[in-house]
Amino acid sequence: MQPADIPSAPNFKRPTGIFNRFDTRELVFRALVTLAAFTVAAILMLMLFELTRTAWPAISKFGISFLWSTDWNPPKERFGALPFIAGTIVTSLLALVLGTVIGVGAALFLVEFAPPWVRVPVSYVVELLAAIPSVVYGLWGVFVLGPWIQHTAGPYILDYFSWVPFVKGPVLSVGILAAVVILTIMILPTIVAISRDVIAAVPRSQREGILALGATRWEMIRIAVLPYARSGVLGAAILGLARAIGETLAVALVIGNSTNVPDSIFSPAYTMAAVIANQFREVENPMHEASLIYVGLVLLLITLLVNAIARALVWRVTRGQITTVIE
Amino acid sequence: MIAAPVRGRRRRRSVVDAIASGAMIAAGLGAMIPLFAILVFILLKGIPALNVALITKNLAPPGAHGGGLKNSIVGSLMLIGLTLLIGLPPAIATGVYLAEYGRGKLGFAIRFLVDVLAGVPSIVIGIFVYSAVVLNMGRLHWLTGSDQKFTAFAGGIALALILLPVVARVTEEMLLLVPQLTRESAYALGVPKWRAIVTIVLPAASGGIMTGVVLATARIAGEAAPLLFTALGNNFYSTDIFRPIDALPLRIFIYATGPFQEQHEQAFAGSFVLVMLVLAMSVGARLALQRRQR
Amino acid sequence: MTAEARQLADTQRLPDATGAAVRVLGLTAWYGPVAGVRDVSLDFAANRITAIIGPSGCGKSTLLRCLNRMHEVVKHARVDGQVLLDGRDIYAADVDAAVVRERVGMVFQRPNPFPTMSIWDNVGVGPRLAGAHSSELSDISEWALKKAGLWNEVSDKLRTPAIALSGGQQQRLCIARCIAVRPEVILMDEPCSALDPVATIRIEDLMRELAREYTVIIVTHNMHQAARVSDFTAFLLAEDGQGGQLVEYADTDTIFTGPGDQRTESYVTGRFG
């Protein structure tokens, strides 16, 4: 029984919407966020449409043969993208191979050998590499890497390895080799970070199982760890490949800007991204511009394909758990 | 303890183990070398070229002496502001959708497309914005009052497109980290879902989202490719949204490919400033993230 | 070990048995600053099954893992004392841990076949590493699978993935994998705790069969299993956080019907643990 002198509690409840589907404010909010999400998703479609539209003059004139023609002659309005496609494929694949070998090796070092006081700083340092702007890589490439290749590494390679196909002079400070080195450095952080997580996730029972049979550490890695981590590492590598394909400024500064198909690791060349960056601001005629946009469209399609494959692989390993886009 | 032929095989396996271990250690330590090489380069070349004029003076005409990078630095700051203004609201809204409403098949499709957008090369985004925005600027003459095709506005849109998928996914992840219990406590008090999200869940995730935004900002601060044919760059000082605008990484690129020694010097100095800024943002954001996870 | 026990040990040995005797002297195993077992000494009889029992945290798994140098796989782990295999200390400075593990094999608590390999490849991985020729490999693998009692169930699907087998089958596969390397001692760390009762009985029968050729040392938290299966039993106890110590070691009958130590009696009659 309540004593009479307790004041009754103030009635603070304001009428709020009924918490079900028909609350107008809820509907508006939900509509807004849904619209935002759809729009963002639709941008991709818009991109494909818009690029096709603006590149149409070139698409209708050259058709598919654009992809294997090597004739790039702006004044005569003859355009073929093969040199750029070849340059992109060569530099990206070489960077992929180098980056994967070094990157997986580094990831194995971090997980299997490094004590915590080494692992944490080194992981940090490798991830910081990812934060450096592309143009700064390019600057380093022009002023440090290029001269080094021209005066030191290049002549050395020519002396001892000229029997290898595609190794011939002259050695310049620009070219395929310079671009490959820079691209490798740029995709290392991606590959190391993802591989490190995947390798660390291999269960202890797997490692102990093979050790108990008398295996050495390398045999344990070779037989129990790497096969288990296979899909994840592959996904990391392909993500690195996607990044290498789209890399623009760093490559543009060291690739040498030649519209010929390269025949040596020291030849100047071009990639799809670099040719757009370098030539777009000085187009000589509308067909030139349309052709460059056509190149951009091809670049977009290739990137989409590679990204889709990478995500499918990584998803299969992590079973759909969210993967961060930021490294 | 072991028979002779077995001993030989065992020794061979140990040798292989030692060689492989050496290779992996070399790879691990070698992966750090490029970072140090580049940082040392920036320090060695950049610091001597630093002087106050960088922030106080505008770009010198080609070949002339003196001058600074004021246009570029101010331009970069403006572009970042513009990008966040254009890109943050849709990005966070998309993140909210994905986390709170999009857990089904439709959400899966949208998430997939957002991830794919994240992988588009920045130069392709530049061409897209050139095609969709720059070429159509004439139509907006009534709004802009100028007939400039290349504008800071277009540059902001391009950078926002790069920012969008990154911030959207981070927002989603941070929102998902907020325990379901928090939401349910709000519902149990009679708070409608939209209000719970805005007043309780989002603030709870705000720290992590902020970190993600800082990291994404660090990334776009260093992007120049999408600006090549949208913001174009500007040799003169300008803060007009509807005019071309300069940006630090863009200016570095232009100066680095130019013939003038003095421009190269300024490119080094600019790189130093840019790298320090970007690293400070990245390291700061990561430290904040770790402190939060403790 | 009593004289009767030693006599018992010698009578039931198979003529070509390869089991070796393991002698532990003053073993203390550290995880960083904490001792898992402290100053343990005992002799494991060759070609016998010895069970190590005790409550949780008494260090039985730690002791077992010291016998094939798996203890040191964990970070900050350290061992003082000696473990003698056929008279030689496996912790001597010139001894390669991997070689020890070829002679002292281990079966783990949860079956851990390599998921990327077939049944056949799983059994053969040990001999292959040790240098068996491919012609020998097939004979060894078939022999191991038969010895583990798995051959009849898998002979028609040898190339299928090992993880498709049931839990009990996977554990027998792990046993086959272990003996394919021809060890002298087999260590088993609670090998049946992840299995159902039917599978457990099969593995216990297998243990008795294996003991005729190998020395078998098992860790079990199931006293009934220890009583059923083992010839000798060691009881470990960790008192006031000092690390597990050997309380009593005798033939299984004595431990379970008339133990000498009061603590042993309390444990086996279920008063604690």
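On a predicted model such as this, the values are computed, not experimentally measured, just so you know. (Residues numbered from 1 in each chain as written. Chains lettered and ligands numbered in written order. Predicted model: local features only at pLDDT ≥ 70, side-chain atom pairs only at ≥ 80, totals over all residues.)

**A word on the overall build of chain A**
Line of reasoning, step 1. Check the secondary structure of chain A and you find 11 helices and 0 strands.
Line of reasoning, step 2. Overall, chain A shows an N-to-C arrangement of helices and strands of α-α-α-α-α-α-α-α-α-α-α.
Line of reasoning, step 3. Across the 327 residues in chain A, those meeting the buried criterion constitute 50%.
Line of reasoning, step 4. The long-range share in chain A, meaning contacts at least 24 apart out of those at least 6 apart in sequence, stands at 75%. (Helix = DSSP H or I, 4+ residues; strand = E, 2+ residues; numbered from the N terminus. Buried ≥ 20, exposed ≤ 12 C-beta atoms within 10 Å, placed from the backbone. Contact = placed C-beta atoms within 7 Å.)

**Digging into the environment of V123 of chain C**
Residues and elements named next belong to chain C.
Line of reasoning, step 1. By the element assignment, V123 lies in helix α4 (residues 119-130).
Line of reasoning, step 2. Under the C-beta neighbour-count criterion, V123 is labelled buried, with 31 such atoms within 10 Å.
Line of reasoning, step 3. Considered as a pair, V123 and E184 are 61 residues apart in the sequence and their alpha carbons are 17 Å apart.
Line of reasoning, step 4. If we ignore the near neighbours within four places in the chain, the residues touching V123 are S141, A144, L145, L173, A176, R177 and A180.

**Topic: the confidence of the model for chain A**
Residues and elements named next belong to chain A.
Line of reasoning, step 1. Counting all residues, the mean pLDDT for chain A is 84, and 89% of those residues have values of 70 or more.
Line of reasoning, step 2. Scored below 50 in pLDDT, residues 15-21 makes 9 contacts in the model with residues more than four places away or belonging to other chains.
Line of reasoning, step 3. Contacts for the low-pLDDT stretch residues 320-327, under 50 throughout, to residues beyond four places or in other chains number 20 contacts. (pLDDT = per-residue confidence, 0-100.)

**Things to note about the interface of chain B and chain A**
Line of reasoning, step 1. If you look at the interface, chain B gives 77 residues, while chain A gives 75 residues.
Line of reasoning, step 2. Top contributing element to the side of chain B that touches chain A by residue count: helix α1 (residues 4-30) of chain B, with 12 residues.
Line of reasoning, step 3. The residue makeup of the side of chain B that touches chain A, split by class, is 56 nonpolar, 15 polar and 6 charged. (Nonpolar A, V, L, I, M, F, W, Y, C, P; charged D, E, K, R; others polar.)

**Brief notes about the interface of chain C and chain A**
Line of reasoning, step 1. Of the residues lining the interface, 20 residues belong to chain C; the matching set on chain A comes to 15 residues.
Line of reasoning, step 2. Elements with a minimum of two residues in the side of chain C that touches chain A: α3 (97-103), β6 (104-107) and α4 of chain C.
Line of reasoning, step 3. Taken together, the residues of the side of chain C that touches chain A break down into 12 nonpolar, 5 polar and 3 charged.

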